[in-house]
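# Commentary on secondary and tertiary structure
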Amino acid sequence: MTVKEIVASIHEKQPEITSVFFVGCGASMSDLYPAKYFLDAKCRRLRSVIYTANEFNYATPVSVDSSAIVITCSLSGTTPETVAASKKAMELGAAVVSVTIAPESPLAKASHYQIIHGFASSYSAKMEKPVNVLALAAEILNTYEGYADYDKMQDGIRKIYGLIDNAVSTVTPAAKAFADSYKDVPIMYVMSSGATHMTAYSFSSFLMMEMQWVNSSQFHDGEFFHGPFEMADKHVAYLLLMNDGPTRPMDSRALTFLQRFDTKLTVVDAKDYGLGSAIDSSVVEYFNPMLIGGLLRVYAEQLAIVRNHPLTMRRYMWKLEY
């Protein structure tokens, strides 16, 4: 079923929806964030909430019932906590949509509807998960409340994959420079704002700590000046993800401060790759995470090469009971 068909089917059965829950773990939870951010900004009546799966399981909101849509996400479709959350949401009467690459996976089977996406074929394919969930959120909003910029959102969805592939085709020199400069840093701080807030979290927690064993922390640009800026000096490494859209002034303020104190700074800026030239200003902010996320995969790969530490290397994950 297409996203439009999924939402039409839900609407037919559940014409009154009050809540949309996004549930996942790790990078999959991060990939849900742009859609949640979009609904927060554009919904007048619907509320949206994001949960890490086991918190959803152990502290299940009372509003998970027939008035809710629950979107569960796991790349492999086998994450135990997310499968359990999906089953629980079904038992409580919510409409459950799973998002995975595996149509026969436990997660897909523990849902009413499935969005099956790609991943391995290209850098843009790695962003199919957040793009599809954003498309789902736009369809939910348009169906239940109406959405004036729906057509502009659809245009952005059609264009984003080509923009990612074009951007990635030119980024290797910058990614190599980043890798050479950051290969020995004791800690890396990753910063952003808006819909890209959780992209920074994902890069820090998963591509750095999980896949590279590099100490890292992440914070929102708006919070930088409320504590974390005390760490800024010329020996400290920062990765600043700059958005095209309304939260850019926060990114720019952080940039000015980091430059002022001559920090070890790398900037990945969506404006440098033509995002706002291709996608309408009314919806452009929601596509920053996909463009920047595609680029960051190349940054991580180049760092892995220089450090001789493959992104697939693990000490604990998949090796121990935990």
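Residues numbered from 1 in each chain as written. Predicted model: local features only at pLDDT ≥ 70, side-chain atom pairs only at ≥ 80, totals over all residues. Heavy atoms only, no water.

## Observations regarding the overall build of the protein
Counting its secondary structure elements, the protein contains 13 helices and nine strands. Over its C-alpha atoms, taken along the principal directions, the protein stretches across nearly 60 × 50 × 40 Å. Expressed as a percentage of its 322 residues, the buried residues of the protein come to 56%. Across the protein, contacts joining residues at least 24 apart in sequence account for 75% of those joining residues at least 6 apart. Taken as a whole, the protein presents about 14000 Å² of accessible surface, with 52% of it coming from carbon and sulfur. (Helix = DSSP H or I, 4+ residues; strand = E, 2+ residues; numbered from the N terminus. Buried < 20%, exposed > 50% of the residue type's maximum accessible area, 1.4 Å probe, protein only. Contact = heavy atoms within 4.5 Å. Areas by Shrake-Rupley, 256 points an atom, 1.4 Å probe, with all protein chains shown as cover.)

## Thoughts on the packing of aromatic side chains
The full count for this structure, using the stated rule, is 21 aromatic pairs. For the pair phenylalanine 21 and tyrosine 51, a centre-to-centre distance of 6.3 Å together with 45 degrees between the ring planes defines the contact as tilted. Residue phenylalanine 21 is located in strand S1 (residues 19-24), and its partner tyrosine 51 is located in strand S2 (residues 47-52); the two are separated by 30 residues in the primary sequence. The buried category is assigned to phenylalanine 21, whose relative accessible area is 1%. Between phenylalanine 225 and phenylalanine 257, the aromatic rings sit 5.5 Å apart at their centres with planes inclined by 90 degrees, giving edge-to-face as the arrangement. Taken as a pair, phenylalanine 225 in the loop between helix H10 (221-224) and strand S8 (237-242) and phenylalanine 257 in helix H11 (residues 248-260) lie far apart in primary sequence, 32 residues in all. Judged by its relative accessible area of 14%, phenylalanine 225 is buried. Here the aromatic residues Tyr189, Phe219, Phe224, Phe225, Phe229, Tyr238, Phe257 and Phe261 are joined through ring pairs into a cluster of three or more. Of note, arginine 315 hangs over the ring of tryptophan 213, and the distance from its end group to the ring centre comes to 4.6 Å. (Phe/Tyr/Trp six-rings, centres within 6.5 Å; stacked < 30°, edge-to-face > 60°. Lys NZ or Arg CZ within 6 Å of the ring centre and 35° of its normal.)

## Brief notes about the pairing of S8
Successive residues of a regular strand alternate their side chains across the two faces of the sheet. Extensive coverage of S8 is indicated by the burial of six of its six residues. Judged from the six bridges that link them, S8 and strand S9 (residues 264-269) form a sheet pairing that is parallel. Each bridged residue has a counterpart across the sheet, and for methionine 242 the counterpart in S9 is aspartate 269. Crossover S8 to S9 through H11 is right-handed. (Pairing = 2+ DSSP bridges. Right-handed = clockwise from strand over helix to strand, strands pointing away.)

## Overview of the pattern of salt bridges
Pairing between side chains becomes possible if they bear opposite charge and their charged atoms approach one another. Across all of its chains, the model carries 10 salt bridges by this definition. In this structure, the salt-bridge partner of lysine 36 is aspartate 40, at a minimum N-O distance of 2.8 Å. You can see lysine 36 and its partner aspartate 40 sitting in helix H2 (residues 26-42), four residues apart, about one turn around the helix. A relative accessible area of 12% means that lysine 36 is categorised as buried. The salt bridge involving lysine 152 is made with aspartate 280; its shortest N-O contact spans 4.0 Å. Placement of the pair is lysine 152 in helix H7 (residues 150-168) and aspartate 280 in the loop between helix H12 (275-278) and helix H13 (288-307), with a sequence separation of 128 residues. One salt-bridge network, in which partners are shared between bridges, spans Asp149, Lys152 and Asp280. (Salt bridge = Lys/Arg side-chain N within 4 Å of Asp/Glu carboxyl O.)

## Here we look at unusual backbone geometry
Its identity as a non-glycine residue notwithstanding, tryptophan 213 has a phi of 55 degrees, on the positive side. With respect to the helices and strands, the residue tryptophan 213 is situated in the loop between helix H9 (197-212) and strand S7 (216-220). One non-glycine residue with positive phi stands out, namely tryptophan 318, at about 70 degrees. Mapped onto the secondary structure, tryptophan 318 falls in the segment after H13.

## A few points about the packing of H7 against H13
At a minimum axis separation of 9 Å, H7 and H13 run at an interaxial angle of 30 degrees. Considering how the two elements wind past one another, H7 and H13 form a crossing that is right-handed. Across the interface between the two elements, Ile160, Leu163, Ile164, Ala167 and Val168 from H7 touch Met290, Leu291, Gly294, Leu295 and Val298 from H13. Class assignment for the residues of the contact of H7 with H13 results in nine nonpolar, one polar and no charged. (Axes fitted to C-alpha atoms, helices over the stretch in contact; angles between N-to-C directions. Left-handed = near helix turned anticlockwise from the far one by under 90°. Nonpolar A, V, L, I, M, F, W, Y, C, P; charged D, E, K, R; others polar.)

## A few points about the sheet that holds strand S4 (residues 95-100)
Backbone-to-backbone hydrogen bonds pair the strands of a sheet. The strands run either parallel or antiparallel. Ordered by their spatial adjacency, five strands build an open sheet running S2-S1-S3-S4-S5, and the pairing between neighbours is parallel. Of all strands in the sheet, those with a lone pairing partner are S2 and strand S5 (113-116), marking the two edges. Each neighbouring strand pair of the sheet contributes to a mean axis angle of 20 degrees, computed without reference to strand direction. In the packing of helix H4 (residues 80-91) onto the sheet, the strands contacted are S1, strand S3 (68-73) and S4, and the crossing angle to S3 comes to about 165 degrees. Sitting on the sheet, helix H6 (residues 128-144) is in contact with S1, S3, S4 and S5, with an inclination near 175 degrees to S3.

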